[in-house]
Amino acid sequence: MNETIVEAGLDDLSNVVAVMRERMPGDAVISLRGDLAAGKTTLVQAIAKACGNESTVTSPTFSLQHAYGEELYHYDLYRLGFEELAQLGLIDEFEKPGWHLVEWMDDRLKAFLGAAGYNLWEVTIAPEGDRRIYRIEPFNA
């Protein structure tokens, strides 16, 4: 079985981060999937905290990318498709070592990254009352 399911509330997101660290390589592009307000940025906050970053983590909706240290990157591609991302030269950013957490990754970018041999993972977040169900799985394993 390639997928791992974790149920967590806000107070135990460190469990989700621990599973991600155990399963995923140190260099990976991670698609964060979920509806609006599902908890994608909240998960990035927990990951940044686990990496020792205490700065404020917000969604990079307008800046497109935030870096938290040298090996943790957060993207919000809600307004961008694959072509726009390529035109801006942002695809090259995925070459940097570390985790690249991508909200709203479109299918063309996912297919491109998978075909190019990146370690591509997907975390799908589904609200379940006051908790969330996190499905963690490799895209191209």
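Okay, so let's go over this structure. Positions within a chain are numbered from 1, following the residues in the order the chain's sequence is written. Local features are withheld for residues below a pLDDT of 70 in this predicted model, meaning they are given only at 70 or higher, and side-chain atom pairs are given and counted only at 80 or more; totals for whole chains, interfaces and linings count all residues. The basis for the side-chain values is all heavy atoms of the structure; hydrogens and waters are excluded.

Here we look at the pattern of salt bridges
Moving on, step 1. Any carboxyl oxygen of Asp or Glu that lies within 4 Å of a side-chain nitrogen of Lys or Arg is treated as forming a salt bridge with it. For the structure shown, the criterion picks out 8 salt bridges.
Moving on, step 2. Asp12 is the partner of Arg131 in a salt bridge, and the nearest nitrogen-oxygen pair spans 3.5 Å. You can see Arg131 sitting in strand E7 (residues 131-138) and its partner Asp12 sitting in the loop between strand E1 (4-8) and helix H1 (13-23), a full 119 residues away along the chain.
Moving on, step 3. Each residue gets one of three labels from its accessible area relative to the maximum for its type: buried under 20%, exposed over 50%, partly exposed in between, using a 1.4 Å probe on protein chains only. You can call Arg131 partly exposed: its relative accessible area is 26%.
Moving on, step 4. In this structure Asp12 comes out as buried when scored by relative accessible area, which is 18%. Helix and strand definitions here come from DSSP, where helices need a minimum of 4 consecutive H or I residues and strands a minimum of 2 consecutive E residues; each element is numbered from the N-terminal end.

Observations regarding the packing of aromatic side chains
Aromatic rings in a pair are described by how distant their centres are and how their planes are angled relative to each other.
Moving on, step 1. Ring geometry is summarised as follows: Phe, Tyr and Trp rings, the Trp one being its six-membered ring, pair when their centres sit within 6.5 Å, and such pairs are stacked at plane angles under 30 degrees, edge-to-face over 60 and tilted between the two. Counted according to the given criterion, the structure contains 3 aromatic pairs.
Moving on, step 2. Aromatic side chains Tyr75 and Phe94 sit 5.0 Å apart centroid to centroid with 45° between the ring planes, which places their arrangement in the tilted category. Of the two residues, Tyr75 sits in strand E4 (residues 72-76) while Phe94 sits in the loop between helix H3 (82-87) and strand E5 (99-103), which places them 19 residues apart along the sequence.
Moving on, step 3. Arranged with centres 5.4 Å apart and planes meeting at 50°, the rings of Phe82 and Phe112 form a pair that is tilted. With Phe82 in helix H3 and Phe112 in helix H4 (residues 107-115), this pair connects stretches of sequence that are 30 residues apart.
Moving on, step 4. Taking the relative accessible area as the measure of exposure, Phe82 reaches 15% and is therefore buried.

Points about the nonpolar core
Moving on, step 1. What is meant by a nonpolar core is a set of buried Ala, Val, Leu, Ile, Met, Phe, Trp, Tyr and Cys residues, joined one to another through side-chain atoms within 4.5 Å. Formed by 26 residues in total, the largest nonpolar core has its most connected members in Val16, Met20, Ile30, Leu43, Val123 and Tyr134.
Moving on, step 2. For this core, the secondary structure elements donating two or more residues are E1, H1, strand E2 (28-33), helix H2 (40-50), E5, strand E6 (120-128) and E7.
Moving on, step 3. The dominant element in this core, judged by the number of residues it contributes, is H2, at 5 residues.
Moving on, step 4. The residues contacting Tyr134, other than those within four sequence positions of it, are Thr4, Ile5, Val6, Ala8, Leu13, Val16, Leu43, Val123, Thr124 and Ile125.
Moving on, step 5. Tyr73, Leu77, Phe94 and Leu120 belong to the second largest nonpolar core, which has 17 residues in total. Contact between two residues is taken to exist if any of their heavy atoms lie within 4.5 Å; hydrogens are not considered.

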